[in-house]
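# Breakdown of the fold
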Amino acid sequence: MSGPAQGATFSYDERPWTASYPAGVPHDFDFPVVPLTRLLDDSAASFPGQPALAFLGATLTYRELKEQVDHLATALAGLGVRPGHRVAIMLPNCPQNVITFFAVLRLGAVVVHHNPLYTEHELRHQLTDCGATVLVCLDRVYATVARVQGDTAVAQVVVTSLADYLPRPARLRMRLPGRQARRVRAQLTTTVPTGAPVVRFARLLASASVPAKQARVDPERDVAVLQYTGGTTGLSRGAMLTHHNLVSNAYMNRVWDTGSTVGQEVTLGVLPLFHVYGLTVCLTSSVLLGGMLVLLPRFDLDLVLDAVDRWRPTTFPGVPPIYKALADSPRVREHDLRSIRVCVSGAMRLPVDVQEQFERVTGGRLVEGYGLTETSPSTHCNPVVGPGRPGTIGLPLPGTDCRVVEPADPEKQVPVGAPGELVIKGPQVFRGYWGRPDQAGVFTEEGYLLTGDIVTMDEQGWFTVVDRKKELIIAGGFNIYPSEIEQVLLRVRGVEDAVVVGVPDRYRGEVAKAFVVRVAGSELTEEQVIQACAERLTAYKVPRLVEFRDTLPRSTVGKVLRRVLVDEELDPAAMTRQP
């Protein structure tokens, strides 16, 4: 079954059905086969004097952005970066992130994004796996980088500060309320010791007098981004996203939003660019439109509302906890949010009551979409213009083919309306996982990506997620893979056995809960377990709850029965039932 197209009839399980895209959305679209940097080049040529980026009072025009990209590319080439080399970026949302991203691609090299909050354990694994030789990071995280660098191939570290692209301190104090100014200034404290073997971003950029030219790339084969994800398991793997994958997905989002206007859109960039969701729906989609991207280094209600007042954003991609926080805040009523034309929610299920509350309070349009790291990421979305269907993930985006199949036999489709595993094929689907030639269990025999998500599809082609991957926890839009936490728990002194499941949380959707069996005689406490996890895991992965048990429920073959534990959390009476 292909994605629904205007006026098209398909045969699905030997029964015809008809579905239509929203009015004005093309269904037969040829996506350009070009380097990802072409999006920037085209907008710089068409809108040279228009702001491309806004960051805490400072702006960069498209002309300035392209010039800095081309000069940084020359400087990076001077550090030895060549086509195919991996360059790691460990930055929050800031101009340096965007400049480095496009500069690396200008050289035909590969971007590898890392969360600036990563622990040594997480960063070491990813840097070792990708083999990056150059790393660009925020000065405040340099200490973490320095502790793992010797175990990796990283030969050059480039550090930068958020202050590099801020206005003068006096202007900052005038433009930002006192509380916000204090928060921003707190982020400017450097942790790079004097004499550290690093290169300063600003000096590196200034050292290049000749702009680089675009390296030759094959958009359909050459990898632009290695995006680390757990995939369908807890093992962190680099998803290989090509130039064409990311260009196609930017165009898909562009043509889906029939209400957008080239050269006039303003996107509020709260989603982190180191996550593929933020990378596509905020950065590349904005650049494709010749719009302005307002970068915020983190979600902070004061900063968001100040940015709304100042820049009048038209689009605001996010995750449900962000929209919930805005809708719950009494301060929202003191600000005019009517400039926001549409908000697209992804990364986790959007509760209908949150959607209704947000639209009622702000007057804006909030729709739910769906995607995966492996699909660049967007595959489905509710219409941003015209009627949608709350509670669903909408329709497949143009050029996206979908099937709903038997989880145990992905070559067999299920009847319309029946639950099954969603499989996807399209130009946004990745090439596979870095360094792992065996892609068994990733694609079907016909080349469809196995998502691991259970969905239903109705007669009109609308998709609804019934259940997420059995073990995956989605907390505030971030994927948490229980096996990663369990590996940490099992190394904690005093732990004999452990399992982690997701439990409901009103604000984050889900949080991780650890069930731990202590070694006989151990007096291990909940606080000690949480602290041990915090030393090796990013904050959002650390279990919020710990419960000690004498034993864990297991099947006859010894597998932990996670569903029994989840059922007990949802219904305490389930504790008396036999698995």
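Reference entry: report on the structure contained in this document. If you're wondering where the values come from, they're calculated on a predicted model, not measured in any experiment.

Looking now at the side chain of Asn-115. Within the element layout of this structure, Asn-115 appears in the loop between strand E6 (110-113) and helix H4 (120-130). Residue class for Asn-115 comes out buried when judged on its relative accessible area of 5%. Engagement of the side chain of Asn-115 in a polar contact is seen with the backbone nitrogen of Leu-117, the distance being 2.9 Å. Beyond its immediate stretch of four places on either side in the chain, Asn-115 contacts Met-90, Phe-274, Thr-538 and Tyr-540.

So, about the packing of aromatic side chains. Ring pairs (aromatic) are described by centroid distance and by the angle formed between their planes. As enumerated under the stated definition, the model contains six aromatic pairs in all. When the ring of Phe-101 is compared with that of Phe-102, the centres are 5.1 Å apart and the planes differ by 80°; the resulting orientation is edge-to-face. Here Phe-101 matches Phe-102 in class, with each residue buried. Between the aromatic rings of Tyr-323 and Phe-358, the centroid separation amounts to 5.0 Å while the plane-to-plane angle is 65°, which identifies the pairing as edge-to-face. With Tyr-323 in helix H12 (residues 320-328) and Phe-358 in helix H13 (residues 352-362), this residue pair connects regions lying 35 residues apart in the sequence.

This part covers helix H16 (residues 562-570). Listing the buried residues of H16 in full gives Arg-562, Val-564, Leu-565, Val-566 and Glu-568. Structurally, H16 contributes buried residues whose contacts are with helix H14 (482-489), strand E25 (495-505) and strand E26 (509-518).

For the rest of this paragraph, the subject is the sheet that holds strand E8 (residues 156-160). Taken in spatial order, the seven strands make up an open sheet running E9-E8-E7-E5-E6-E10-E11, and their pairing is mixed. Here the strands that pair on one side only, and so sit at the sheet edges, are strand E9 (199-200) and strand E11 (237-242). In terms of strand pairing, strand E5 (residues 86-90) meets strand E7 (residues 134-138) through four bridges, oriented parallel. Along E7, the bridge assignment pairs Ile-89 with Val-136. Packing against the sheet, helix H3 (residues 95-106) makes contact with E5, E6, E7, E8 and strand E10 (223-229), and its axis sits at approximately 145° to E6.

Moving on, we come to a negative patch on the surface. A cluster of acidic side chains, namely Glu-406, Asp-409, Glu-411 and Glu-445, defines a negative patch on the protein surface. Looking at the element boundaries, Asp-409 is found in strand E19 (residues 409-413). Here Asp-409 falls in the partly exposed class, since its relative accessible area comes to 37%.

Across the sheet, four strands lie side by side as E4-E3-E13-E12; this open sheet has mixed pairing. The strands lining the two open edges of the sheet, one partner per strand, are strand E4 (58-61) and strand E12 (266-269). Each strand of the sheet is rotated relative to its neighbour by a mean of 15°, with strand direction disregarded. In this structure, strand E3 (residues 51-55) lies alongside strand E13 (residues 292-295), joined through three bridges in parallel fashion. Looking across to E13, one finds that Leu-53 is bridged to Leu-293. The strands touched by helix H2 (residues 62-78) are E3 and E4; relative to E4, the strand with the most contacts, the crossing angle is about 80°. In the packing of helix H10 (residues 276-289) onto the sheet, the strands contacted are E12 and E13, and the crossing angle to E12 comes to about 155°.

On to the pattern of salt bridges, then. Enumeration according to the criterion identifies 25 salt bridges in this entry. Among the ionic pairs, Glu-486 bridges to Arg-562, the shortest N-O distance being 2.9 Å. With Glu-486 in helix H14 and Arg-562 in helix H16, this pair connects stretches of sequence that are 76 residues apart. By relative accessible area, Arg-562 is classed as buried at 17%. In this structure, a network of salt bridges that share partners links the residues Lys-513, Glu-547, Arg-549, Glu-568 and Glu-569.

Calculation criteria
Throughout this document, residue positions are counted from 1 along each chain, in the order its sequence is written. Given that the model is predicted, a residue must reach a pLDDT of at least 70 before its local features are reported, and side-chain atom pairs must reach 80 or more before they are shown or counted; all residues, however, enter totals for whole chains, interfaces and linings. Calculated side-chain values reflect all of the structure's heavy atoms, with hydrogen atoms and water omitted. Each helix is a run of DSSP H or I of at least 4 residues and each strand a run of E of at least 2, with the numbering of both proceeding from the N terminus. With a 1.4 Å probe rolled over the protein chains alone, any residue whose accessible area is under 20% of its type maximum counts as buried; one over 50% counts as exposed, and the rest are partly exposed. Pairs of N or O atoms within 3.5 Å make up the polar contacts considered here, provided that, within protein, one atom can donate a hydrogen while the other can accept it, and that residues adjacent in sequence are counted only when both atoms are side-chain atoms. A contact between two residues is defined here by any heavy atoms of the two lying within 4.5 Å. In this scheme Phe, Tyr and Trp rings, the latter by its six-membered ring, pair at centre separations within 6.5 Å, and the angle between planes marks the pair as stacked below 30 degrees, edge-to-face above 60, and tilted otherwise. Whether two strands pair comes down to DSSP finding at least two bridges between them. A fitted line through C-alpha atoms serves as each axis, taken over the contacting stretch for helices, and the angle formed by two N-to-C directions is quoted from 0 to 180°. Patches in this entry comprise residues that are over 30% relatively accessible and not in a salt bridge; like charges within 9 Å are linked, as are nonpolar side chains (Val, Leu, Ile, Met, Phe, Trp, Tyr) within 5 Å. The method behind every accessible area is Shrake-Rupley, applied with a 1.4 Å probe, and residues are considered shielded solely by the protein chains displayed. In what follows, salt bridge is the name for a side-chain nitrogen of Lys or Arg lying within 4 Å of a carboxyl oxygen of Asp or Glu. Only four residue types enter the tally: Lys and Arg on the positive side, Asp and Glu on the negative side; His and the chain ends are excluded. For charged residues, the charge sits on one atom: NZ in Lys, CZ in Arg, CG in Asp, CD in Glu.

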